[in-house]
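Remarks on the overall topology
Given next are the chains, with one letter for each unit.
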Amino acid sequence: MSFVSDIRLRDSLVEAARAKLVAGDHLTQEDGIRLFDAPVLELGRLADALARDKHGDKVYFTVNRQLNPTNVCVLACKFCDYAKKPGDPTSYTMSKEDVLAHVDPEITEIHIVGGLHNKWRFDDYLDVIRWVKEKKPDLSVKAYTAVEIDFFCRLTKKPADWVLTELKNAGLDALPGGGAEVFSERVRRELFGQKIGGKRWLEIHETAHRLGIPSNSTLLYGHIETRAERVQHMIDLRELEMRAPGFFAFIPLAFQPGNTGLVRRQASAIEDLKTIAISRLVFDNVPHVKGYWVMLGQDTAAAALNFGASDLDGTIGLEKIAHAAQARSPVGMAEAGMVQMIREAGKIPVQRDALYRVVREYSRRDEPALAVGA
Ligand code: V47
Ligand code: SF4
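For every chain, the first residue of the written sequence is number 1, and numbering continues from 1 along that sequence. Key to labels: chains lettered from A, ligands numbered from 1, both in the order written. Restriction of local features to residues with pLDDT of at least 70 applies here, the model being predicted, together with a cutoff of 80 or more for giving and counting side-chain atom pairs; totals for whole chains, interfaces and linings are based on all residues. No hydrogens and no water enter the side-chain calculation; it runs on all heavy atoms of the structure.

1. Describing the sheet that holds strand 4 (residues 140–143)
Any two strands are treated as partners once DSSP identifies two or more bridges connecting them. Put simply, DSSP marks the helices as runs of H or I at least four residues long and the strands as runs of E at least two long, and each gets a number from the N terminus on. What the 3 strands build is an open sheet, ordered 2-3-4; its pairing is parallel. Two strands in the sheet have a free side with no partner beyond their single neighbour: strand 2 (64–67) and strand 4. Going from strand to strand, the sheet's axes swing by 20° on average, the running direction of each strand aside. Summarising the sheet, strand 3 (residues 109–112) and strand 4 pair through 4 bridges and their orientation is parallel. By the bridge assignment for strand 4, I112 is matched with A143. Axes, fitted as lines to C-alpha atoms, cover a helix only where it is in contact. Angles between the N-to-C directions of the axes lie from 0 to 180 degrees.

Written out as structure tokens, the structure is:
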């Protein structure tokens, strides 16, 4: 018995997807593309049923900070408003004191990601991890995308397994999912021709998983990619998870147009919710789909919790990447706000660290304080 096997659906497309999942089959690229034309609420009901089969009513979040040690980057991806060229007056590189100022006492996860600095050596990137671990040894460190790992391989002329082992020895716990963009070679050539493509991104995450380093995965959508390319990206990730399990979450990142000139406006909330729900159904072996409130906006992220998302990321502190591209969400969110958002969706808030170890499970609603002596 499961929510997916019990749910009654009216739409034939969504029902066909349900029947496949109940039979233990995966959805194909064709199935995924077709689901974009299905009624969005039916799609949401099925994705929510699958999320409930995996996690009950629990929705995970973390009390974290994002640390972007430098915005200096030798690359120039067309969709990125964050990176600056060396010498640009708005570029910055943090000192040890700046880095340590991000390690607030209450956080349980730090997410470190930044540019490919023209002057930094691999040791400088290792130092950032060592400094934060020295200050707070119990902090879980999610750091450096596959793009940065590939850059470290080129700096040190060493293979990815050596680079990842050094990072792990310095205190790395997990890899974030950034830098995946869209695995399509067509999109890569148009938007980020100098950066690693899907094959290398998948290879680095496979190496990490085989070394016991878990990771996340992302998809940057809502620019020039097609729905077929979006769905194929989910399938490539699903196949990696079958070969070398280790993903915690899949995070569809809603493209923020900012000053990039690529598209006029962000994808609609309906397109966001369809993408979240289809991710849940197609990438069916990933534990969590994240509703990343920074890029979705808080209202759509709240709705995503009933469309298959079972994680909200974290409180973040001071987000820089999406806000460089003029994201309208707040730059950080209080823990109480996260708990309220999850409760309003009818779910149970669970605070976790970067390794999904439970820090605190909340009640479904605010509970009255127990009277002393009761
Ligand atoms: O790789 C850059 C994307 C990513 C824009 O692993 C943009 O838990 C939207 O990966 N609009 C970095 N996106 C962020 C990221 C992430 C975020 C939260 C949690 C996790 C995790 C990972 O941001 C980049 C790129 O794909 N990005 N510019 C933009 N204008
Ligand atoms: Fe550099 Fe990453 Fe921005 Fe590309 S997306 S320009 S690699 S910081």
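The rest of the description comes next.
2. Section: the UniProt feature "domain: Radical SAM core" (unreviewed entry) in the protein
UniProt positions are given in the numbering used here, feature names are shortened, and annotations may be inferred rather than shown by experiment. Mapped onto this numbering, the UniProt entry gives "domain: Radical SAM core" (unreviewed entry) at residues 59–285. The straight-line gap between the two end C-alpha atoms of residues 59–285 is 17 Å; of that span, 41% is helix and 14% is strand.

3. Examining the sheet that holds strand 1 (residues 58–62)
Strand pairing in a sheet relies on backbone hydrogen bonds. The paired strands run either parallel or antiparallel. An order of 8-1-9-10 is seen for the 4 strands of this open sheet, with the pairing classed as mixed. For this open sheet the edge positions go to strand 8 (311–314) and strand 10 (358–361), each flanked by a neighbour on one side alone. Here the average twist between neighbouring strands, direction ignored, is 25°. Here 3 bridges tie strand 9 (residues 348–352) to strand 10, and the two strands are oriented antiparallel to one another. Counted as the bridge partner of Q351 is R360 from strand 10.

4. Thoughts on the domain arrangement of the protein
Often, the extent of an interface is quoted as the loss of accessible area upon association of its parts. Per the annotation, domain bounds derive from an automatic or database assignment of domains. Under the domain assignment used here, the protein contains domain 1 (3–51) and domain 2 (57–371). For domain 1 versus domain 2, the distance between C-alpha centres works out to 27 Å. Every residue pair with non-hydrogen atoms within 4.5 Å of one another is taken to be in contact. On the side of domain 2, 23 residues touch domain 1, which itself brings 21 residues to the contact. Using a 1.4 Å probe, buried area is obtained as the accessible area two parts lose upon being combined, added over both of them. Overall, the association of domain 1 and domain 2 removes approximately 2,000 Å² of surface from exposure, summing both partners, and the carbon and sulfur fraction of that is 73%. Summed over the three residues of domain 1 that lose the most area to domain 2, namely H26, Q29 and F36, the buried surface amounts to 35% of that side. Salt-bridge detection follows one rule: a side-chain nitrogen of Lys or Arg within 4 Å of a carboxyl oxygen of Asp or Glu. In this structure, the connection of domain 1 to domain 2 is made through 2 salt bridges. For D48, the salt bridge is made with K347, and the minimal N-O distance between the two is 2.8 Å. Pairing of N or O atoms within 3.5 Å defines a polar contact, subject to two protein rules: one partner must be a possible hydrogen donor and the other a possible acceptor, and residues neighboring in sequence count only if both atoms are side-chain atoms. Put simply, domain 1 and domain 2 have 5 residue pairs in polar contact (both at pLDDT 80 or more) between them. Of all the elements in the fold, those that place two or more residues in the side of domain 1 that touches domain 2 are helix 3 (29–35) and helix 4 (40–55). At 9 residues, the largest contribution of residues to the side of domain 1 that touches domain 2 is made by helix 4.

5. Some words on the site of ligand 1
The near set for a molecule or strand comprises every residue that places at least one heavy atom within 4 Å of it. Contacts to ligand 1 come from 22 residues, most closely from K142, G177, G179, E181 and K290. The separation between an oxygen atom of ligand 1 and a polar side-chain atom of K142 is 2.6 Å. Within the backbone of Q256, one N or O atom sits 2.9 Å away from a nitrogen atom of ligand 1. The fraction of the free accessible surface of ligand 1 (620 Å²) that becomes covered by protein chains is 95%. Each accessible area is a Shrake-Rupley result for a 1.4 Å probe, and residues are judged covered by the shown protein chains and nothing else.

6. Here we look at the layout of surface pockets
Cavity and pocket criteria rest on a 1 Å grid covering protein atoms alone: a 1.4 Å probe that fits but cannot get out defines a cavity, protein on both sides within 12 Å along at least 5 of 7 lines defines an open pocket, and an atom within 4 Å of a point defines a lining residue. Grid points are joined across faces, edges and corners, and a volume is the space filled by probe spheres set on the points. When its volume is computed, the largest pocket comes out at roughly 260 Å³. The wall of the largest pocket is formed by 16 residues, among which Q256, Q266, Q326, A327 and R328 lie closest to the centre. Among the elements that make up the lining of the largest pocket, the one with the highest residue count is helix 13 (residues 293–296) (3 residues).

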